[in-house]
Amino acid sequence: MKKRNVVILSTILVAVTAAVTWLATGGWSSFMPPISASLPQPGDYGPEEQAVLDASGKFWAAMENADEAGMRSVADPNCTFVHIGMTCKLDEEIRAYTSGMFQPTEIVFHGQSVERYGDTAIVLTDCDYSLRLGGMSTTHHFAVTEVYVQREGQWNLVQFSFTALTS
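Residues numbered from 1 in each chain as written. Predicted model: local features only at pLDDT ≥ 70, side-chain atom pairs only at ≥ 80, totals over all residues. Heavy atoms only, no water.

### Brief notes about the pattern of salt bridges
Counted only if it meets this: The rule for a salt bridge is simple: a side-chain nitrogen of Lys or Arg has to be within 4 Å of a carboxyl oxygen of Asp or Glu. Helix and strand assignments come from DSSP, with helices taken as H or I runs of at least 4 residues and strands as E runs of at least 2, each series counted from the N terminus. Classification of residues uses two cut-offs on accessible area relative to the type maximum, computed with a 1.4 Å probe and protein chains only: under 20% is buried, over 50% is exposed, and between them is partly exposed.
On inspection of all chains with the given rule, the structure shows 3 salt bridges. The closest approach of N and O atoms between arginine 72 and aspartate 91, which form a salt bridge, is 2.8 Å. On the criterion of sequence distance, the pair formed by arginine 72 in helix H4 (residues 68-74) and aspartate 91 in helix H5 (residues 90-98) is long-range, its members being 19 residues apart. Since its relative accessible area comes to 37%, arginine 72 is described here as partly exposed. Judged by relative accessible area, which is 40%, aspartate 91 ranks as partly exposed. Salt-bridge contacts for arginine 151 lead to aspartate 76; the nearest nitrogen and oxygen are separated by 2.6 Å. Linking arginine 151 in strand S5 (residues 136-151) with aspartate 76 in strand S1 (residues 75-82), this pair joins segments that are 75 residues apart in sequence. Connected through shared salt-bridge partners, Glu68, Arg72 and Asp91 make up one network.

### A word on the confidence of the model for the protein chain
Our working definition: For every residue, the predictor assigns a confidence score, pLDDT, that lies between 0 and 100. Residue contacts are counted whenever heavy atoms from the two residues lie within 4.5 Å of one another.
Predicted confidence across the protein chain gives a mean pLDDT of 81, with 73% of residues reaching 70 or more. Below pLDDT 50 for its whole length, residues 9-37 participates in 30 contacts with residues either more than four positions away or in separate chains.

### Brief notes about the pairing of strand S4 (residues 120-133)
Keep this limit in mind: Between any two strands, pairing holds if DSSP finds at least two bridges.
As paired strands, strand S3 (residues 102-117) and S4 are joined by 14 bridges and run antiparallel to one another. Looking at the pairing, glutamate 106 lines up with serine 130 of S4. Adjacent in sequence and paired antiparallel, S3 and S4 are bridged by 2 residues, among which glycine 118 carries a positive phi angle near 70 degrees. The pairing of S4 with S5 spans 14 bridges and is antiparallel. The residue of S5 that forms the bridge with leucine 131 is threonine 138. Linking two consecutive strands that pair antiparallel, namely S4 and S5, is a turn of 2 residues; a positive phi of about 60 degrees is found at glycine 134 within it.

### Considering the packing of aromatic side chains
What counts, and what does not: Each aromatic pair joins two rings of Phe, Tyr and Trp (for Trp, the six-membered one) with centres within 6.5 Å, and gets the label stacked for planes under 30 degrees apart, edge-to-face for over 60, and tilted for any other angle.
This model, assessed by the stated rule, comprises 12 aromatic pairs. Ring geometry for phenylalanine 59 versus phenylalanine 81: centroids 5.9 Å apart, planes at 20 degrees, classification stacked. Taken together, the residues span a long stretch of sequence, with phenylalanine 59 in helix H3 (residues 47-64) and phenylalanine 81 in strand S1 at a distance of 22 residues. Judged by relative accessible area, phenylalanine 59 falls into the buried class, the value being 0%. Look at phenylalanine 81 and you get buried, because its relative accessible area is 0%. Members of the aromatic cluster, each reached through a chain of ring pairs, are Phe59, Trp60, Phe81, Phe109, Tyr129, Phe142, Phe160 and Phe162.

### Looking at the state of the cysteines
Quick note on the threshold: Counting rule for disulfides: a pair of cysteine sulfur atoms within 2.5 Å.
Enumeration according to the criterion identifies 0 disulfides in this entry. The thiol sulfur of cysteine 79 is not disulfide-bonded, and the nearest other cysteine sulfur, from cysteine 88, lies at 8.9 Å.

In structure tokens:
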């Protein structure tokens, strides 16, 4: 019962925070700095970089389909997720999708880039993310920072952060 109450309260907090911010600022664009983001399109990546992009694609697909097993197959159990209105670990992120708190309706990818630093890789994903959140439809243009660590030949997601953009 406590976990259910936390999910309900989290949903209410996210919805209220978004509504108050929107009303108080006249929209996202007035409180976000006037920036324009354009990430590079995938280049001629080698097999290791492509393996990271494949892991990213697998996670995005699992997230969009509320596929718990798919999310767990890519993400480290201690992975941290940063959203506009909350920060959580993998179990809470999965609950947000499987409970219907986050209901993706469309994800449009504009580009991805990947940089490797030894056994760590950072993927930047430029996307428009539409979802139903607490019963309200919303769309945001995001730069998503995904951090992966290679363990035993597999790329595991350890950090997934949404940054809202204005264009």
